[in-house]
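Commentary on secondary and tertiary structure
Each chain, written out:
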Number of protein chains: 2
Amino acid sequence: MSGKIYVVAGPSGVGKGTVIKRLFELDKNLSLSISATTRQPREGEVDGVNYYFITYDRFQEIIENGGFLEHAEYVGNFYGTPKQPVIDKAEEGFDVILEIEVQGAMQVLENMPGAKGIFILPPSFEELEKRLKGRGTETDESVMRRLETAANELGCINMFDYYVVNDTVEGAANRILEIIESRRGIEDDEE
Amino acid sequence: MSGKIYVVAGPSGVGKGTVIKRLFELDKNLSLSISATTRQPREGEVDGVNYYFITYDRFQEIIENGGFLEHAEYVGNFYGTPKQPVIDKAEEGFDVILEIEVQGAMQVLENMPGAKGIFILPPSFEELEKRLKGRGTETDESVMRRLETAANELGCINMFDYYVVNDTVEGAANRILEIIESRRGIEDDEE
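Keep in mind it's a predicted model, so treat the numbers as computed, not measured.

Moving on: the nonpolar core. Most often, soluble globular proteins keep nonpolar side chains buried together rather than apart. Core analysis: the largest hydrophobic core is formed by 98 residues, its most contacted members being Leu121(A), Tyr163(A), Leu121(B) and Tyr163(B). Excluding residues that lie within four positions of it along the chain, Leu121(B) makes contacts with Leu121(A), Ile157(A), Tyr163(A), Val14(B), Leu154(B), Ile157(B), Tyr163(B), Val164(B), Val165(B) and Asn166(B).

Right, let's talk about the sheet that holds strand E1 (residues 5–9) of chain B for a bit. Residues and elements named next belong to chain B. If you walk across this open sheet you meet the 5 strands as E2-E7-E1-E8-E9, and the pairing is parallel. Lying at the two open borders of the sheet, with one neighbouring strand each, are strand E2 (30–32) and strand E9 (162–165). Averaged over all pairs of adjacent strands, the angle between their axes in this sheet comes to 25 degrees, without regard to strand direction. For strand E8 (residues 116–121) and E9, the ladder comprises 4 bridges, and the chain directions are parallel. Each bridged residue has a counterpart across the sheet, and for Phe 119 the counterpart in E9 is Tyr 163.

Below, the discussion takes up the relation of the copies chain A and chain B. Least-squares fitting of chain A to chain B yields an RMSD of 0.0 Å, with the transformation described by 0.0 Å of translation along the axis and a rotation of 180 degrees. Seen this way, the second copy is the image of the first under a two-fold rotation axis. No C-alpha of chain A approaches the rotation axis more nearly than that of Gly155(A), which lies at 2.3 Å. A shared interface surface links the copies, since 100% of the contact residues of chain A are contact residues in chain B too.

Right, let's get into the interface of chain A and chain B. Residue-level contacts link 18 residues of chain A with 18 residues of chain B. Across the interface of chain A and chain B, roughly 1500 Å² is buried in total on both sides, 57% from carbon and sulfur atoms. For chain A, the biggest contributors to the area lost against chain B are Pro123(A), Asn158(A) and Tyr163(A); these three give 33% of the whole. Across the contact surface, chain A and chain B share 0 salt bridges. At the boundary of chain A and chain B, one finds 6 residue pairs in polar contact (both at pLDDT 80 or more). Tallied by class, residues from the side of chain A that touches chain B come to 11 nonpolar, 4 polar and 3 charged.

Rules of the game
Position numbers for residues count from 1 along each chain, tracking the sequence in the order it is written. To label them, take the chains in the order written and letter them from A, then take the ligands in the order written and number them from 1. Confidence filtering applies because this is a predicted model: local features only for residues at pLDDT of at least 70, side-chain atom pairs given and counted only at 80 or more, and all residues used for totals across whole chains, interfaces and linings. To get the side-chain values, take all heavy atoms of the structure and skip hydrogens and water. Within this scheme, the nonpolar core is defined by two criteria: the residues are buried Ala, Val, Leu, Ile, Met, Phe, Trp, Tyr or Cys, and they are joined through side-chain atoms within 4.5 Å. Only protein chains enter the accessibility calculation, which uses a 1.4 Å probe; a residue is then buried when its area is under 20% of its type maximum, exposed when over 50%, and partly exposed in between. Any pair of residues with heavy atoms lying within 4.5 Å of one another is described as a contacting pair. DSSP calls a pair of strands paired once it identifies at least 2 bridges connecting them. Secondary structure is summarised from DSSP: a helix means a run of H or I of at least four residues, a strand means a run of E of at least two, and numbering begins at the N terminus for each. Here an angle of 0 to 180 degrees is reported between the N-to-C directions of two axes, which are lines fitted to C-alpha atoms, with helices fitted over the stretch in contact. A least-squares superposition brings the copies together, and it is based on the C-alpha atoms of residues with pLDDT no lower than 70 in both. Two parts placed together each lose some accessible area; with a 1.4 Å probe, that loss summed over both constitutes the buried area. Salt-bridge detection follows one rule: a side-chain nitrogen of Lys or Arg within 4 Å of a carboxyl oxygen of Asp or Glu. What qualifies as a polar contact is a pair of N or O atoms within 3.5 Å, subject to a donor-acceptor requirement within protein and to the restriction that residues adjacent in sequence count only when both atoms come from side chains. Residue classes follow a fixed rule: Ala, Val, Leu, Ile, Met, Phe, Trp, Tyr, Cys and Pro count as nonpolar, while Asp, Glu, Lys and Arg count as charged, and any other residue, Gly among them, counts as polar.

Shown next as structure tokens:
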């Protein structure tokens, strides 16, 4: 029995990293997809753990061979989700989690009909605003731009299959686990 | 201290009627807004309880006087939310709940800056599909059309302030109550 593929996304600031970290503590039959990037490793980052660090030429080659489930450019660096490791891990029986931003998530959901999208929402827009402002590292203009992006990202929720409100990390992680467990043992074509 | 105004909406089939019924059992300081309509009362419906049943001419007069917070036409009948009773009830100290469909809810949120929007989501799109199909009273084509409408309505979520997943009626009703209680005693201009 193969594992299943889940794309977990949500607006910037919703706290999906923390929720996914907790999810992996709760369940051991999960595999987290690792992204490839052309950017330089930061201190402490390990190749094959945090990212696959690859060259620009190699990145383009993978694009040409259709080797990414999704890819995008941010401030001059490229990021992508390699397809083969995701398929391999699922065939080994792991449920594979892809933690990516909303636009990339929609690319994956389009490219992989078997993948299911889980959208993480803040309990309120005000709460999202607080969390983005609370970082305290950004200018007002940058916070405003992030809030606008977050509102647009929220509007993409109808492309996803499951909806989880991140009111508490524990609650949200358990809710995702319930979704994953409810689909274990079900063949894709039975749905 | 005045009460506050909440617009509760969500896609067709999400079960908001049942959630709101439970909410009113849990809290006695709430008032449910009553809509006006030009359609004929059905058996058992009481004027001023289920709806205000009014004539077409009266309905147009209220529109012209700006007396509706929102209004719309469905299959030849008009429906609207009268403004004054909502304001009166809030001034009496009740938190007022408006249960309307998504398009109407957005009209109210635009017209009343103090009103907050609470969006009710299904736990998954599949669940919404099941509920709509489960009614068993509709053709496949009609179900498809409803699902398309539901997907569009989900995409309007970014116009709302609070997000509640209806996984259980009890859970959703309590979550709405938490939202309302968290704002009691806060003046609008403190937010």
